[in-house]
Amino acid sequence: EAEIIYDGVKITPSNDKTGRVILSYGLTKMFYKIKAKVKKIGITWYDGPISVVAAWKSDNGEYWFKDNTNKLFKLDEQALKTLAEKAKAKASLITLAGTGEVKGVEGTYNATLTKVA
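Reading the values: the criteria
- Residues numbered from 1 in each chain as written.
- Predicted model: local features only at pLDDT ≥ 70, side-chain atom pairs only at ≥ 80, totals over all residues.
- Heavy atoms only, no water.
- Helix = DSSP H or I, 4+ residues; strand = E, 2+ residues; numbered from the N terminus.
- Expected span 1.5 Å × (residues − 1).
- Buried < 20%, exposed > 50% of the residue type's maximum accessible area, 1.4 Å probe, protein only.
- Polar contact = N/O pair within 3.5 Å; in protein donor to acceptor, adjacent residues only side chain to side chain.
- Pairing = 2+ DSSP bridges.

**A word on helix α1 (residues 77-88)**
And then number 1: The terminal C-alpha atoms of α1 lie 17 Å apart, and with 12 residues this matches the ideal 16 Å at 1.5 Å per residue to within 8%.
And then number 2: Turning to α1, its buried residues number three or more, namely A79, L80, T82, L83, A84 and A87.
And then number 3: Capping the start of α1, D76 holds a side-chain oxygen 3.2 Å from the backbone nitrogen of Q78, two or three residues further along.
And then number 4: One or two residues past the end of α1 sits K90, with phi positive at roughly 55°.

Below you can see the structure in the form of structure tokens.
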């Protein structure tokens, strides 16, 4: 199972068909559903829920998520830092921004992770 570990926080796809992401820290394990808005040159290409199927660190040290329609989301250092800090604080809402790719077109994204039961 692919995973990302950053500052002691493990980020993994839930792989239970819900598309949620699991943030684990110590004995704490939290599930988050994700919504993303992907834009290119001011045009919204996608705005809605995403179903995460993979998370990994590439050979050149970049951190990525992939959803079930092959949209790619890159997490830069700031996004990872935010994610780790919010996970440790057991935040119910986490917002991230970065660059990504939809069907070969690069753009920017804003993502909202909402804690679920």
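And the narrative resumes.
**Here we look at the pairing of strand β6 (residues 52-57)**
For a regular strand, side chains alternate in direction, first toward one face of the sheet and then toward the other.
And then number 1: Direction of pairing for β6 relative to strand β7 (residues 63-67): antiparallel, over a ladder of 5 bridges. The residue bridging V52 from the neighbouring strand is D67, located in β7.
And then number 2: What sits between the antiparallel neighbours β6 and β7 is a turn of 5 residues, in which G61 has the positive phi angle 85°.

**A look at the pairing of strand β4 (residues 28-40)**
And then number 1: Taken together, the 5 bridges between strand β3 (residues 21-25) and β4 define a ladder with antiparallel strand orientation. Among the inter-strand pairings, Y25 is bridged to a residue of β4, identified as T28.
And then number 2: Between β3 and β4, which pair antiparallel in sequence order, lie 2 residues; one of them, G26, sits at a positive phi of approximately 60°.
And then number 3: The pairing of β4 with strand β10 (residues 105-116) spans 9 bridges and is antiparallel. Across the sheet, the residue bridging to K39 is T108, located in β10.
And then number 4: With 7 bridges connecting them, β4 and strand β5 (residues 43-50) associate as antiparallel partners. In the sheet register, I34 faces β5, and the bridge partner there is I50.

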